[in-house]
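# Inside the fold
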Amino acid sequence: MPICLEYPMLSTIVDDLANRGWSRQPFFLPEALISALAAECRHRAAEGELSPAGVGRGTGQEVREAIRGDRIQWLEPGESEACDRYLTAMDSLRQALNQGLYLGLEDFECHFALYPPGAFYRRHVDRFRDDDRRAVSAILYLNENWQPQDGGQLRMFLAEDAQLDVQPEAGSLVVFLSGDIPHEVLPARRDRLSLTGWFRRRGNEPF
Ligand code: OGA
Ligand code: MN
């Protein structure tokens, strides 16, 4: 069954990014697809396919649990029907962002992420000092019945004194301009699952 992303949802995301640099859609994909993606993330974790996430880039990359404690696995096309449907949906979003905001987004890189209890990700910005290709961040949460006391909120620092905490509830998609919004993941008290990705522009281009 192909997913038909409703145009109003895509255009709301485009408008939100243009107006305030971030957007949140509580029901981005059908529940059945979210459950399939959550099951796949858990299966990959049980098979030992997720690895401790690094900080930094290339050879400078190192695992530092004092900064981030999640375990990740990058996605490739053709691995499963559920993942491919997610990638197709994200490509529709990429096209909508290009049409509405002229961002020139060329591709999308993404990984499953699992934060075990106690794991967190300290405040950071999703852009490397030596690589500015990441333009838009998109996180799809996969946790059914997440309660505020489970922790694990995404805290976004929107302005001097304005911060917003987002519950990582199943089906919810958060999108923001990668270079503009510092954010952190608060410690979770149960496994916290997501698909995290970045729309990228071509490298070495002035903008
Ligand atoms: C990241 C990140 C936020 C989240 O992986 O860079 O900030 O809510 N993730 O999972
Ligand atoms: Mn981040």
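Residues numbered from 1 in each chain as written. Chains lettered and ligands numbered in written order. Predicted model: local features only at pLDDT ≥ 70, side-chain atom pairs only at ≥ 80, totals over all residues. Heavy atoms only, no water.

The subject of this paragraph is the overall build of the protein. Scanning the protein for helices and strands turns up three helices and eleven strands. Its helices and strands in sequence order give the protein the pattern α-β-α-β-β-α-β-β-β-β-β-β-β-β, from N to C terminus. Evaluated residue by residue, the protein yields a buried proportion of 50% over its 207 residues. Of the roughly 10,600 Å² of accessible surface on the protein, 47% is carried by carbon and sulfur atoms. (Helix = DSSP H or I, 4+ residues; strand = E, 2+ residues; numbered from the N terminus. Buried < 20%, exposed > 50% of the residue type's maximum accessible area, 1.4 Å probe, protein only. Areas by Shrake-Rupley, 256 points an atom, 1.4 Å probe, with all protein chains shown as cover.)

With that out of the way, let us pick up the layout of surface pockets. Volume-wise, the second largest pocket comes out at about 200 Å³. Lining the second largest pocket we find Arg-24, Pro-26, Phe-27, Leu-29, Pro-30, Glu-31, Ile-34, Glu-144, Glu-169, Ala-170, Gly-171 and Ser-172. When the residues that make up the lining of the second largest pocket are grouped by side-chain class, the tally is six nonpolar, two polar and four charged. (1 Å grid on protein atoms, 1.4 Å probe; cavity = no way out; pocket = protein on both sides within 12 Å on 5 of 7 lines; lining within 4 Å. Points joined across faces, edges and corners; volume = space filled by probe spheres on them. Nonpolar A, V, L, I, M, F, W, Y, C, P; charged D, E, K, R; others polar.)

Every protein donor of the manganese ion (ligand 2) is listed here as His-124 (NE2), Asp-126 (OD) and His-183 (NE2), and their distances to the metal cover 2.1 Å. Each donor residue of the manganese ion (ligand 2) belongs to the same chain, and together they define the spacing H-x1-D-x56-H. Residues His-124 and Asp-126 agree in their burial class; the two are buried. (Donors = N, O, S within 2.8 Å, 3.2 Å for Na, K, Ca; no water.)

This part covers the pattern of salt bridges. A side chain with one charge may pair with a side chain of the opposite charge, provided their charged atoms come close. Summed over the entire model, instances satisfying the criterion amount to eleven salt bridges. Residue Arg-200 pairs with Glu-109 through a salt bridge whose shortest N-O separation is 3.1 Å. Taken together, the residues span a long stretch of sequence, with Arg-200 in strand β11 (residues 192-201) and Glu-109 in strand β4 (residues 105-115) at a distance of 91 residues. Note that Asp-165 and Arg-155 form a salt bridge whose closest N and O atoms lie 2.8 Å from each other. (Salt bridge = Lys/Arg side-chain N within 4 Å of Asp/Glu carboxyl O.)

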